[in-house]
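Chain by chain, the residues:
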Amino acid sequence: MSQGQALPISYAGEPGAFAEDAVIAAFGDVARISLGAFREVFEIVTAGGAEAGVVPIENVLNGTVRENYDLLLEHELEIRGEVVVPVRLCLAALPGQRLEDIQRVYSHIQALGQAEAFLRTRPWQLLSTYNTAGAGKAISDRGERGAAAVLSPRAAGLFGLEVLADEIGDQPGNRTRFVVLARADAGPLALRPTGTRHRTTLVVAVRNEPGTLLDVLRVIAAHGLNMHKLESRPSRERAWEYVFWIDLDGDVADPAMAAALDELAGVTTMRRVLGSYPAAPEG
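Note that this is a predicted model, so its numbers are computed, not measured.

A. Geometry of the sheet that holds strand 6 (residues 90-93). The five strands are arranged 8-7-9-6-10 in an open sheet whose pairing can be described as mixed. The strands lining the two open edges of the sheet, one partner per strand, are strand 8 (125-129) and strand 10 (162-165). Shown here is a sheet whose adjacent strand axes are inclined to one another by a mean of 35°, direction ignored. Where strand 7 (residues 104-108) and strand 9 (residues 147-151) come together, three bridges link them in parallel fashion. Its bridge partner being in strand 9, Tyr106 is matched across the sheet by Ala149. The strands touched by helix 6 (residues 132-142) are strand 7, strand 8 and strand 9; relative to strand 9, the strand with the most contacts, the crossing angle is about 155°.

B. Representation of the nonpolar core in the model. Counting 31 residues, the largest nonpolar core has Phe27, Val54, Leu89, Leu91, Val105, Val150 and Phe178 as its most contacted members. Elements with a minimum of two residues in this core: strand 1 (9-12), helix 1 (18-27), strand 3 (52-59), strand 5 (77-86), strand 6, helix 4 (109-114), strand 9 and strand 11 (175-183). It is helix 1 that provides the largest number of residues to this core, a total of six residues. If we skip the residues at most four places from it in the chain, Phe178 touches Phe18, Ala19, Ala22, Val54, Val55, Pro56, Ile57, Gly81, Glu82, Val83 and Val85. Judged by nonpolar contacts, the second largest core, of 22 residues, contains Ala12, Leu71, Ile79 and Val203.

C. Highlighting the environment of Asp262. Counting through the fold element by element, Asp262 comes out in helix 9 (residues 255-264). According to the relative accessible area criterion, Asp262 is exposed, its value standing at 59%. Placed 43 residues apart in sequence, Asp262 and Val219 show a C-alpha to C-alpha distance of 9.9 Å.

D. A look at the packing of aromatic side chains. The full count for this structure, using the stated rule, is two aromatic pairs. Here the aromatic rings of Tyr69 and Trp245 are separated by 4.8 Å at their centres, their planes lie at 80°, and the arrangement is edge-to-face. Taken together, the residues Tyr69 in helix 3 (residues 66-74) and Trp245 in strand 14 (residues 242-249) connect sequence positions 176 residues apart. The same class applies to Tyr69 and to Trp245, which are both buried. Residues Phe118 and Trp124 carry aromatic rings whose centres are separated by 5.8 Å and whose planes lie at 45° to one another, so their mutual orientation is tilted. Positioned above the aromatic ring of Tyr106 is the side chain of Arg142, whose terminal nitrogen or guanidinium carbon lies 5.5 Å from the ring centre.

E. Focus on unusual backbone geometry. At Glu167, a position not held by glycine, the phi torsion is positive, near 50°. If you trace the backbone, Glu167 turns up in the loop between strand 10 and strand 11. What makes Glu167 exposed here is its relative accessible area of 53%.

F. Broad picture of helix 9. Along helix 9, the residues that are buried comprise Met257, Ala260, Leu261 and Leu264. With its buried residues spanning 100° around the axis, helix 9 presents them on a single face. Turned more than 90 degrees away from the buried face of helix 9 sit Pro255 and Asp262, all of them exposed.

G. Representation of the side chain of Gln114. Structurally, the position occupied by Gln114 is in helix 4. Look at Gln114 and you get buried, because its relative accessible area is 6%. A polar contact is formed between the side chain of Gln114 and the side chain of Asn59, at a distance of 3.5 Å. A polar contact is formed between the side chain of Gln114 and the side chain of Asn62, at a distance of 2.5 Å. Ignoring any residue separated from it by four or fewer positions in sequence, one finds Gln114 in contact with Asn59, Leu61, Asn62, Val87, Leu89, Ile168, Gly169, Asp170 and Asn174.

Thresholds applied
- Residue numbers restart at each chain and count upward from 1, following the sequence in its written direction.
- Local features are withheld for residues below a pLDDT of 70 in this predicted model, meaning they are given only at 70 or higher, and side-chain atom pairs are given and counted only at 80 or more; totals for whole chains, interfaces and linings count all residues.
- Heavy atoms throughout the structure, all of them, feed into the side-chain values; hydrogens and water do not.
- Between any two strands, pairing holds if DSSP finds at least two bridges.
- Each helix corresponds to a stretch of at least 4 residues labelled H or I by DSSP, and each strand to a stretch of at least 2 residues labelled E; elements are numbered beginning at the N terminus.
- Structural elements are reduced to axes, namely lines fitted to C-alpha atoms, with helices fitted over the stretch in contact, and the angle between N-to-C directions of any two is expressed from 0 to 180 degrees.
- Pairs of residues are marked as contacts when any of their non-hydrogen atoms sit within 4.5 Å.
- The term nonpolar core refers to a set of buried residues drawn from Ala, Val, Leu, Ile, Met, Phe, Trp, Tyr and Cys, joined through side-chain atoms within 4.5 Å.
- Only protein chains enter the area calculation, which uses a 1.4 Å probe; residues under 20% of their type maximum are buried, those over 50% are exposed, and those in between are partly exposed.
- Side-chain rings of Phe, Tyr and Trp (the six-membered ring for Trp) are treated as a pair once their centres are within 6.5 Å; stacked means planes under 30 degrees apart, edge-to-face means over 60, and tilted covers the remaining angles.
- Counting as a charge over the ring demands two things of the Lys NZ or Arg CZ atom: a distance within 6 Å of the ring centre and an angle within 35 degrees of the ring normal.
- What the arc describes is the spread of directions from the helix axis to the C-beta atoms.
- We define a polar contact as two N or O atoms separated by no more than 3.5 Å, with the added condition that, inside protein, one atom must be a possible hydrogen donor and the other a possible acceptor, whereas residues neighbouring each other in sequence contribute only through side-chain atom pairs.

So far we have only geometry, and geometry alone does not tell us how the molecule works.
And the structure:
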């Protein structure tokens, strides 16, 4: 890359994946690089090969993307923003194919689950792939007849596939929340504005004793903070112990938030703020 040229934004998946939709929603039509795995996104940002990375953190139907929670804890990156992307699914195949011709349906395991009601209407063989857009690309590259992919309409168009059935998701309001990651020493990112609300994400560990998590919750409540989310993950330090991921409504610069974070240091064995950033609209 030539000197002065902007670094790309990284994401996991093929062009046309929902992750690329998230990049466009967060930054606009910027230079971007598609990678094969979530870990590669974290690694390229850590190494300075990308300005930022965009990864999914939770879906309204399937819950949290646990791998990315673990990768956040493993890497010294911070959350700079978030964006919520609608998940619109269709069934697409090579031009000229009909529903009656389809025998095999490919997609990511979560997408297959999100379109389960539609897919059960026919005796198709369901095959999982690493990515929704990748399923469409594979069918296109192989010229595979008798096969279809569950993916977004935009991805279907990118790979020259025809939509056989649109809006096949079980829940019309399905959407995925993505977070934008950058190095702590990176300058401000040119994120599209998302609103005035802020969210602070932190991870804490407590002693494996009765009441220790309650002490954390009491600190949060005492300072009048709204807890948007609380989730546990196994600790990688000790077997059968857990760390807790917490999303709080508010900016780390707010006096109540700053005071709560200081007080949490006294009731936890580990406390790490992963980011304080503009929150995406809830709708």
